[in-house]
Amino acid sequence: MAAALRLAVAVTCALVLASACQGLQVGYYKKTCPRVENIVRAEVKKFVYKNAGIGAGLIRLLFHDCFVQGCDGSVLLDPTPANPEPEKLSPPNFPSLRGFEVIDAAKDAVEKACPDTVSCADIVAFAARDAAYFLSRLRVKIDMPAGRLDGRVSNASEALDFLPPPVFNITELVGSFAAKGLGIEDMVVLSGAHTVGRSHCSSFVPDRLAGAPSDIDSGFANVLRRRCPADPTPADDPTVNQDFVTPNAFDNQYYKNVLAHKVLFTSDAALLGSPETAKMVRDNAYIPGWWEDRFKEAFVKMSRVEVKSGKQGEIRKNCRVVNHGHHPHNKHY
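A quick note: this is a predicted structure, and the numbers were derived from the prediction, not measured.

Colleague: Describe in detail the packing of aromatic side chains, supporting the description with residues and values.
Modeller: Within the structure shown, the criterion is met by 13 aromatic pairs. Aromatic side chains Phe-67 and Phe-177 sit 5.0 Å apart centroid to centroid with 70 degrees between the ring planes, which places their arrangement in the edge-to-face category. Of this pair, Phe-67 sits in the loop between α3 (52-66) and α4 (100-113) while Phe-177 sits in helix α7 (residues 170-178); the two residues are 110 residues apart in sequence, bridging distant segments of the chain. In this structure, Phe-67 and Phe-177 share a single accessibility class: buried. A network of ring pairs unites the aromatic residues Phe-250, Tyr-254, Tyr-255, Trp-291, Phe-295 and Phe-299 as a single cluster. When the ring centre of Phe-162 is taken as reference, the NZ or CZ atom of Lys-180 above it lies at 4.0 Å. Directly above the aromatic system of Trp-290 lies the positively charged group of Arg-294, at a separation of 3.5 Å from the ring centroid.

Colleague: Describe the nonpolar core, listing the residues and the values that go with them.
Modeller: The nonpolar side chains of a soluble globular protein tend to be buried with one another. Core analysis: the largest hydrophobic core is formed by 79 residues, its most contacted members being Phe-250, Phe-295 and Phe-299. In terms of residues, this core owes the most to one element, helix α5 (residues 120-135), which gives 12 residues. Look past the residues within four positions of Phe-250 in its chain and what remains in contact with it is Ile-59, Ala-132, Leu-135, Ser-136, Val-140, Ala-193, Thr-195, Val-196, Trp-291 and Phe-295. Among the nonpolar cores identified, the runner-up in size contains 12 residues, and Ile-216, Cys-228, Val-240 and Leu-264 belong to it.

Colleague: Please give an account of the environment of Leu-89 that cites residues and values.
Modeller: Note on placement: Leu-89 falls in the loop between α3 and α4. As for Leu-89 and Asn-155, which are separated by 66 residues in sequence, their C-alpha atoms are 8.9 Å apart. Leave out the neighbours within four places in its chain, and Leu-89 touches Pro-79, Pro-84 and Phe-94.

Colleague: Break down unusual backbone geometry for me, with residues and values.
Modeller: Look at the link from Phe-94 to Pro-95: it is a cis peptide, with omega at 10 degrees. Here Pro-95 lies in the loop between α3 and α4. Notably, Gln-69 is not glycine yet its phi reads approximately 65 degrees, a positive angle. Locating Gln-69 in the fold gives a position in the loop between α3 and α4.

Colleague: So what's going on with the packing of α7 against helix α8 (residues 184-191)? Residues and values would help.
Modeller: The angle between the axes and the distance between the axes are what describe a pair of packed helices. Running from amino to carboxyl end, α7 crosses α8 at an angle of 105 degrees, the nearest separation of the two axes being 9 Å. By the criterion of interaxial angle, the relationship of α7 to α8 is roughly perpendicular. Every residue of α8 that contacts α7 at Ile-170, Leu-173, Val-174 and Phe-177 is listed here: Ile-184, Met-187 and Leu-190. Looking at the contact of α7 with α8 residue by residue, the classes come out as seven nonpolar, no polar and no charged.

The rules behind the values
- Residues numbered from 1 in each chain as written.
- Predicted model: local features only at pLDDT ≥ 70, side-chain atom pairs only at ≥ 80, totals over all residues.
- Heavy atoms only, no water.
- Phe/Tyr/Trp six-rings, centres within 6.5 Å; stacked < 30°, edge-to-face > 60°.
- Helix = DSSP H or I, 4+ residues; strand = E, 2+ residues; numbered from the N terminus.
- Buried < 20%, exposed > 50% of the residue type's maximum accessible area, 1.4 Å probe, protein only.
- Lys NZ or Arg CZ within 6 Å of the ring centre and 35° of its normal.
- Core = buried A, V, L, I, M, F, W, Y, C linked by side-chain atoms within 4.5 Å.
- Contact = heavy atoms within 4.5 Å.
- Axes fitted to C-alpha atoms, helices over the stretch in contact; angles between N-to-C directions.
- Parallel < 35°, antiparallel > 145°, perpendicular 65-115°, else oblique.
- Nonpolar A, V, L, I, M, F, W, Y, C, P; charged D, E, K, R; others polar.

Here it is as structure tokens:
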């Protein structure tokens, strides 16, 4: 009975391409491109071991891709005369989003092995997974499903509409994640990615150091004032580590920083803004392995947001541009 039911569901999915039938699966390419995950991992490893910040960038790249048009590689598209303002040029992404050259290198290597088979969207998901693996000193092992297609639409204004800015309070954060089908715990757990990476001073100085007093630790605020101009401008906007304690380790230190009021963003401090989320912060901070286990689940859940299937997407030959004309290898979707 179970097998018959599975078959019926699969047939229905093929017919209706409903969002509930997203059809992503672990090992999706095992017949069509069996080495793809090893190929991507080898490229990510090269870059991350040279510069841990690139790893943080790759984790952020998946988040910024998935929250706008779903996990479809839309954040990778370069400006063109027809579309001069794609997502990657939107203020939440430019100039801070990085890791594009890793995706290019991985795509080139994958195309050599299996032309026209693996989507850029899947490569972004694999690369983010691998970055978390290396930065966590191989502790965060994620089974990343695949089968996403690449989207053809990329619009800078949508990045402003959907990406939660660093000034959000707890209610706004919960709403922003709920709009993408992610729950309160997903939001708290995914915020833990701020345990790696850097932030421009302009993302927190006006809100946390300049205006009305915030709950930021005064000693920490003084450290930040020494690193950041009082009024950052595009010409004078240095970056600082998001986690001053273990800046390149993908670990649960972020939650200890939240509890100590030593975090950069209003949206970080906001996690103490409700009893429910404050308890989650404490659990993530104090129970060994708790955050890592939940992060794996929430990260995969995020990687399934609004994925494209069927005629909604394609497999891009070059991650920076949409394909032109009908692509012979895309017909089997």
